[in-house]
Each structure stands twice: as structure tokens, then as C-alpha cells.
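# Structure assessment
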Amino acid sequence: MLGIGQSQFGKFPDQTVAQLGSAAARAAIADAGIRPRDLQIAYTSRLYAEMITGQTILKEIGVTGIEMINVENACAGGATAVHSLFKDIASGYSEVGIALGVESMTTSPIAGKLIPPPKDDLDGNLGSAMPVVFALMAKRLMETHGATAADFAQVSVKAHDAGMLNPQAQYRKRFTVEEVLASRPIVDPITLLQCCPNTDGAAAVVLCSEEFAKAYTSRPVRILASTLVSGDYFFKKDDLTSFTLGKRAAEKAYETAGVDPRDLDVVEIHDAFAAEEIVHYEDLGLCARGDGISLLRSGATSLGGHIPVNPSGGLLSLGHPLSASGVRNICEVALHLRGRAGGRQVPGAKLGLAQMLGGSATGLETGAASVHILSI
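Each residue is numbered by its place in its chain's sequence as written, counting from 1. With the structure being a predicted model, the display of local features is reserved for residues of pLDDT at least 70 and the display and counting of side-chain atom pairs for 80 or more, all residues being used for whole-chain, interface and lining totals. Excluded from the side-chain calculations are hydrogens and water; all other atoms, namely the structure's heavy atoms, are used.

### So, the overall build of the protein
A run of H or I in DSSP counts as a helix once it spans at least four residues, and a run of E counts as a strand once it spans at least two, with each numbered from the N terminus. What the protein contains, in helices and strands, is 13 helices and 11 strands. The globule rule is 2.2 Å times the number of residues to the power 0.38, and the radius of gyration it is compared with is taken over C-alpha atoms. In terms of overall dimensions, the protein is globule-like: its C-alpha atoms have a radius of gyration of 19 Å, near the 21 Å expected for 376 residues. Throughout, exposure labels follow a simple rule: accessible area from a 1.4 Å probe, protein chains only, divided by the maximum for the residue type, with under 20% read as buried, over 50% as exposed, and the rest as partly exposed. Across the 376 residues of the protein, 59% fall into the buried class. To be clear on the numbers: accessible area is Shrake-Rupley with a 1.4 Å probe, and residue cover counts the displayed protein chains and nothing else. Carbon and sulfur atoms provide 53% of the accessible area of the protein, an area that totals close to 14,800 Å². Positive charge is attributed to Lys and Arg, negative charge to Asp and Glu, and no charge count is given to His or to the chain ends. Positions of charges follow a simple convention, taking NZ of Lys, CZ of Arg, CG of Asp or CD of Glu. Between the averaged position of the 32 positive side-chain charges in the protein and that of its 39 negative side-chain charges there is a distance of 4 Å.

### A few points about the side chain of His 336
Mapped onto the elements of the fold, His 336 is located in helix H13 (residues 322–338). The contact rule is simple, with two residues in contact once any of their heavy atoms fall within 4.5 Å. What His 336 contacts, discounting residues up to four positions off in sequence, is Val 266, Pro 311, Ala 341, Arg 344, Gln 345, Val 346 and Ala 349.

### Overview of the nonpolar core
Joining through side-chain atoms within 4.5 Å is the link that ties buried Ala, Val, Leu, Ile, Met, Phe, Trp, Tyr and Cys residues into a set, and such a set is a nonpolar core. Core analysis: the biggest nonpolar cluster contains 49 residues, and Val 267, Leu 286 and Ile 373 have the highest contact counts within it. Counting residues per element, this core draws most heavily on helix H9 (residues 244–257), which supplies 6 residues. Of all hydrophobic cores here, the second largest spans 28 residues; its members include Val 82, Val 221, Ile 330 and Ala 354.

### Considerations on the pairing of strand S10 (residues 351–358)
A large share of S10 lies buried, amounting to 8 of its 8 residues. With 3 bridges joining them, strand S9 (residues 266–268) and S10 adopt parallel strand pairing. Across the sheet, Val 266 pairs through a bridge with Gly 352, a residue of S10. Here, a strand pair is defined by DSSP locating no fewer than two bridges between the strands.

### Observations concerning helix H3 (residues 77–90)
One fewer than the residue count of a helix, multiplied by 1.5 Å, yields its expected span. For H3, with 14 residues, the first-to-last C-alpha span of 20 Å sits near the 20 Å given by 1.5 Å per residue. With respect to burial, H3 is a largely interior element, 11 of its 14 residues being buried. Of all the residues in H3, the buried ones are Gly 77, Gly 78, Ala 79, Thr 80, Ala 81, Val 82, His 83, Ser 84, Leu 85, Asp 88 and Ile 89.

### Side note on the packing of aromatic side chains
Two rings belonging to Phe, Tyr or Trp (six-membered ring only in the last case) form a pair when the distance between their centres is within 6.5 Å. Interplanar angles under 30 degrees mark stacking, angles over 60 mark edge-to-face geometry, and anything in between is tilted. The full count for this structure, using the stated rule, is 3 aromatic pairs. For the pair Phe 134 and Phe 243, a centre-to-centre distance of 6.2 Å together with 45° between the ring planes defines the contact as tilted. Of the two residues, Phe 134 is situated in helix H5 (residues 130–144) and Phe 243 in the loop between strand S8 (222–233) and H9; the sequence distance between them amounts to 109 residues. Judged by its relative accessible area of 2%, Phe 243 is buried.

### A closer look at the pattern of salt bridges
Each reported salt bridge corresponds to a side-chain nitrogen of Lys or Arg within 4 Å of a carboxyl oxygen of Asp or Glu. Evaluated as defined, the whole model comprises 17 salt bridges. Here Arg 340 and Asp 31 are joined by a salt bridge, their closest N and O atoms 3.3 Å apart. Here Arg 340 is found in the loop between H13 and S10, whereas its partner Asp 31 is found in helix H1 (residues 17–32), with 309 residues between them in sequence. A residue is classified by how much of its surface remains accessible, and Arg 340, at 46% relative accessible area, is partly exposed. For Glu 268, the salt bridge identified is with Arg 328, shortest N-O distance 2.9 Å.

### Regarding the sheet that holds strand S7 (residues 200–208)
Taken in spatial order, the 5 strands line up as S1-S7-S4-S2-S3 in an open sheet, and their pairing is mixed. What marks the edges here is a single partner per strand, and that holds for strand S1 (3–6) and strand S3 (67–71). When strand polarity is set aside, the average angle formed by the axes of neighbouring strands in this sheet is 15°. When strand S2 (residues 41–45) meets strand S4 (residues 96–104), the two strands line up parallel, connected through 5 bridges. Bridging across to S4, Tyr 43 finds its partner in Ala 99. Lines fitted to C-alpha atoms define the axes here, with helix axes fitted over just the stretch in contact, and angles between the N-to-C directions of these axes take values from 0 to 180 degrees. Packed on one face of the sheet, H1 meets S1, S4 and S7 and runs near 35° to S7.

### Let's talk about the pairing of S7
Burial of S7 is extensive: 9 of the 9 residues sit out of reach of the surface. Alternating positions in S7 separate into two faces, Asp 200, Ala 202, Ala 204, Val 206 and Cys 208 on one and Gly 201, Ala 203, Val 205 and Leu 207 on the other, with burial throughout. Pairing analysis gives 4 bridges linking S1 to S7, with the strands arranged antiparallel. Note on S7: the bridge partner recorded for Gln 6 is Ala 203.

### Quick word on the packing of H3 against H13
Running from N to C, H3 and H13 cross one another at 60°; their axes reach a closest spacing of 5 Å. Looking at the two axes, H3 sits oblique to H13. Where H3 abuts H13, its residues Gly 77, Gly 78, Ala 79 and Val 82 lie against Ser 323, Gly 326, Val 327 and Ile 330. Classifying every residue of the contact of H3 with H13 gives 4 nonpolar, 4 polar and no charged. Orientation categories follow fixed angle ranges, with anything under 35 degrees roughly parallel, anything over 145 roughly antiparallel, 65 to 115 roughly perpendicular, and all other angles oblique. Polar here means any residue outside two lists: the nonpolar Ala, Val, Leu, Ile, Met, Phe, Trp, Tyr, Cys and Pro, and the charged Asp, Glu, Lys and Arg; Gly therefore counts as polar.

### A word on the confidence of the model for the protein
Confidence per residue, as judged by the predictor, is encoded in pLDDT with a range of 0 to 100. The predicted model of the protein averages 92 in pLDDT, with 92% of residues at 70 or higher. Across residues 121–128, where pLDDT falls below 50, the model places 14 contacts with residues more than four positions away in sequence or in other chains.

### A closer look at the environment of Gly 305
Its location among the elements puts Gly 305 in the loop between helix H11 (292–298) and helix H12 (314–318). Accessibility expressed as a relative area gives 21% for Gly 305, which makes it partly exposed. Sequence-wise, Gly 305 and Gln 194 are 111 residues apart; in three dimensions their C-alpha atoms are separated by 22 Å. For Gly 305, the contacting residues outside a window of four places in its chain are Gly 299 and Ala 300.

Okay, structure coming up:
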């Protein structure tokens with residue numbers, strides 16, 4: 001991983017997708033120390049942008065004439081773009097390329113709109129939207145794991161504490177557990193400050209072969225594993241306290257990389273809702289099944305703990321420009337491995353994991369999960 005870049009995350013209705021994406025692309029290319037014309041291939045992920053999004057973005061920085069592929073995979077789209085580029089580089093098809101994730105939620109077709117579900121979608125018509133599904137998960141954690149509403153609020157407090165140290169986060173404000181619990185109810189036990197905000201933003205990574213990297217750095221960030229799993233029902237499952245796809249993607253990544261979860265120094269995960277983070281602790285093997293609440297309460301996943309999770313501030317503080325998040329959290333892990341994460345730096349980080357999920361709230365469609373394991 002030769003270069004990383006990110007736009008500011010926030011609500012920018014006056015900025016186009018091309019402006020957001022080109023800012024991230026320029027930053028990643030400059031960080032890599034290459035010229036835009038050195039790029040041989042590009043993958044761009046977007047959910048709500050116009051057609052040929054990558055071509056529209058990259059022409060802004062003078063990149064034309066190369067192979068450009070546009071992908072969509074719900075919230076896992078950005079990670080899918082990185083995975084696709086990784087395969088091209090690893091197979092020798094290309095020597096250097098860029099993966100982009102971009103979203104302008106404030107100007108998207110769904111901005112400020114309630115999209116009705118299809119008539120044959122029973123779950124959707126019964127109201128099984130995303131907050132409802134994650135509220136069921138939270139309720140189940142309370143029954144099976146001894147979780148409390150304060151535990152879920154603590155995840156949000158932890159995220160915003162870290163986000164205060166991230167200059168690119170949408171929200172840089174600390175909250176107390178009491179303030180999180182007192183925020184507007186969404187679906188019991190979820191409150192507003194336990195939900196990720198809608199956000200505009202972009203992130204990009206430049207990947208290259210080992211031989212290409214030698215001309216630019218003596219200490220590159222290496223991708224030890226890049227996995228993408230899909231095909232199962234995203235929410236229709238026997239155990240509400242586990243994401244089967246996420247667990248499978250992680251197990252495959254650990255096997256490919258030849259590492260153990262206990263070897264990890266830093267982790268970035270999908271935390272669209274606070275209770276979700278606790279489930280990922282267990283699915284990623286950061287603790288034994290049933291010990292997610294204890295891990296949170298111990299402070300191990302906070303900055304300064306032995307396995308910080310979402311030191312960026314996560315989706316709860318940074319915001320969630322859907323297709324950009326899966327690239328952004330890979331960039332965050334790389335920052336820590338390089339020792340360049342500023343006040344939120346995980347000291348001595350050498351091995352990190354970035355995970356992203358994508359799927360439908362109705363449970364009728366299949367989802368996707370991706371895990372990347374990076375080392376220095």
C-alpha cells in the first residue's frame with residue numbers, strides 16, 4: 001500500500017462527487033509519491049452517484065485512457081474496490097493502481113426521503129429498517145450477554161472520544177454515557193447518538209507490486225490478506241448476536257495471513273450502530289464468544305487499551321459515506337502502522353485489521369463482508 005488519502009467527512013451539499021473523489025485521489029497519489037499518469041488501473045465504488053463515476057473523478061486530475069471499473073456492494077463497496085485492485089496487483093495483471101470510495105449522501109436520490117419497500121417485501125412493510133434490526137440485536141445482547149443500555153452508550157462515548165483526535169471526522173465532540181442515553185430515542189434501546197450520521201466524503205488507496213514499491217519506499221505497508229465473502233442472508237439467521245459473513249471473512253483472512261487475532265495491534269470495523277461493535281469483537285475473535293461486553297468494560301478496545309477498536313472515531317464519529325467507509329478504515333489502519341495517526345496513534349502498531357459489512361435492512365437480499373489484514 002503505497003499511498004492513502006481521504007477527503008474531509010461531513011455534510012457538503014455544495015461539493016460534487018467528482019470534487020470529493022478527486023480530493024481523496026490527489027491526496028493518495030501525492031502520498032504515494034507517484035505521478036497521476038503512472039496509474040495503470042482504477043476501481044471506484046459508489047452507491048448513489050452517477051454512471052462512470054471513476055472516469056468522472058479521475059479526469060479531474062488528468063487520468064484518462066486507463067482501465068477503470070465502477071463497483072457497488074452496499075457499505076462493503078469501498079472494501080470491494082480495494083479487494084478487486086489487490087487481486088489485479090497480486091496476480092501481476094497491473095503494477096500500480098488506485099481504489100476509490102466516494103459518496104455524497106446529502107445530494108443522493110434518498111436524501112431526506114423515505115423510500116417505500118417493494119410490495120412483496122414483508123419485512124420492509126412491517127417496518128424492519130436498519131435501526132429496527134440492530135435494536136433487536138441489542139435486545140438479544142441484553143438477554144444473552146448481560147449487556148445494558150449503558151454499555152451500548154459507552155461504545156458511542158468511546159468513538160467520540162477518539163473522533164475528537166481526528167481532524168477529518170464529521171463530529172468532534174465528546175459525550176457522556178448520560179448524554180448518549182438522553183438523546184432522541186430511535187428504536188428501543190437505540191438512541192440517536194448510537195447511530196452513525198449520513199455523511200459526504202471519499203477515500204482512496206494506491207496499491208502496487210513489491211517491485212514497484214522499491215523505488216518509492218523501504219518500508220511499505222503490506223496487505224497480508226484481502227477477503228470478500230457474500231451469499232448468505234444478511235439478517236435472517238439463527239443467532240442475532242453474530243454476523244455469519246463477517247465471521248467467515250475474518251477466519252479466511254487469518255488463515256491466509258497466517259496470523260492470530262491475538263497478534264493484532266489495531267482494528268477498524270463497521271459500527272453503524274453502537275451495539276454492533278460488540279458483536280464484531282466476538283466474530284473477529286478479539287475475545288471468546290459471550291465475552292464481548294466484558295472486553296468493552298475492561299477498556300481494552302479504547303485508546304490506550306491492548307486492542308484499540310476504531311481509534312479513528314469509527315462511523316459513529318466520522319460519519320458514514322457508504323462506499324467510502326470501506327476504503328477509509330483501511331487508510332486508518334495504514335496510518336497507525338506508519339506511526340502517523342497523531343494524537344490517536346496506537347503506539348508500536350505493526351499489525352492491523354480493517355473490516356466492513358454491507359447488506360439490506362430487510363433481510364431478503366444477501367450481504368457482503370470484507371476483511372483486510374495489513375502489516376508493516
